[in-house]
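What follows is the residue order along each chain.
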Amino acid sequence: MTNRAIRTVAAGFRASLAVSLLALTLGAAQAQVVVICHPATTLSGDDVRDVFLGEKQLAGTVKLQPVDNAAEQVGFLNKFLSMEPAKYSSAWAKKAFRDGVTAPPVKASDSDVVDFVKRTPGGVGYVRSAPAGVNVVAQK
């Protein structure tokens, strides 16, 4: 292959990759995201941002236990926090250093998040659709 042919193939690959990433981002942004919490925990939609940025740590006397969902994180960050994943990670790194608060653990799927929220008093997470047996805090 000539250098010109290699450059043409590389440019096509880069364009294809950019379109794929854009489609993934738009798909995540368009999917519904539902914030849920443990049945014994009461939160409002206004609390979501503060909970997931470590600013609100209690609901009454219950310690809140937020959990991130790897499968829905981009959509959640976009819709509820208006943040990119890198900015979210950076905010938690600063919070951990400054206040000694650790970032929410990351679960791999909706079912993992639902299981965690149901069995953890103060559990708060986000999924694609509202499951039975939890409180729905907000949806977008």
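What counts and what doesn't
- Residues numbered from 1 in each chain as written.
- Predicted model: local features only at pLDDT ≥ 70, side-chain atom pairs only at ≥ 80, totals over all residues.
- Heavy atoms only, no water.
- 1 Å grid on protein atoms, 1.4 Å probe; cavity = no way out; pocket = protein on both sides within 12 Å on 5 of 7 lines; lining within 4 Å.
- Points joined across faces, edges and corners; volume = space filled by probe spheres on them.
- Nonpolar A, V, L, I, M, F, W, Y, C, P; charged D, E, K, R; others polar.
- Core = buried A, V, L, I, M, F, W, Y, C linked by side-chain atoms within 4.5 Å.
- Buried < 20%, exposed > 50% of the residue type's maximum accessible area, 1.4 Å probe, protein only.
- Helix = DSSP H or I, 4+ residues; strand = E, 2+ residues; numbered from the N terminus.
- Contact = heavy atoms within 4.5 Å.
- Salt bridge = Lys/Arg side-chain N within 4 Å of Asp/Glu carboxyl O.

(A) Examining the layout of surface pockets more closely. Considering only enclosed or pocket space, the largest pocket measures out at about 190 Å³ in volume. Lining the largest pocket are 14 residues, and of these Lys-63, Leu-64, Pro-66, Val-101 and Thr-102 lie nearest its centre. For the lining of the largest pocket, the residue count by class is 8 nonpolar, 4 polar and 2 charged.

(B) Molecular detail of the nonpolar core. Ranked by internal contacts, the top residues of the largest apolar core, which has 22 residues, are Phe-52, Phe-76 and Leu-81. Where this core is concerned, the elements lending two or more residues are β1 (34–37), α2 (48–52), α3 (73–81), α4 (85–99), β7 (123–127) and β8 (135–139). With 4 residues, α3 is the single largest residue contributor to this core. Ignoring anything within four residues of it in the chain, the contact list for Leu-81 reads Arg-49, Phe-52, Leu-53, Phe-76 and Tyr-88. Within the second largest apolar cluster, 9 residues are counted, among which are Val-113, Val-114, Phe-116 and Val-134.

(C) Fine view of the environment of Ala-59. Note on placement: Ala-59 falls in strand β2 (residues 58–59). Considered as a pair, Ala-59 and Thr-41 are 18 residues apart in the sequence and their alpha carbons are 6.9 Å apart. Beyond its immediate stretch of four places on either side in the chain, Ala-59 contacts Thr-41, Thr-42, Leu-43 and Leu-64.

(D) A look at the pattern of salt bridges. Counted under the stated rule, the structure contains 5 salt bridges. Of the charged contacts, one joins Arg-128 and Glu-72 as a salt bridge, the two residues approaching to 3.1 Å between their closest N and O atoms. Within this pair, whereas Arg-128 is found in the loop between β7 and β8, its partner Glu-72 is found in the loop between β5 (68–69) and α3, the two being separated by 56 residues in sequence. In this structure, Asp-99 engages Arg-98 in a salt bridge whose closest nitrogen and oxygen atoms are separated by 3.6 Å. The partly exposed category is assigned to Asp-99, whose relative accessible area is 39%. What makes Arg-98 exposed here is its relative accessible area of 56%. Three or more residues are tied together by salt bridges with common partners; here these are Glu-55, Lys-95, Arg-98 and Asp-99.

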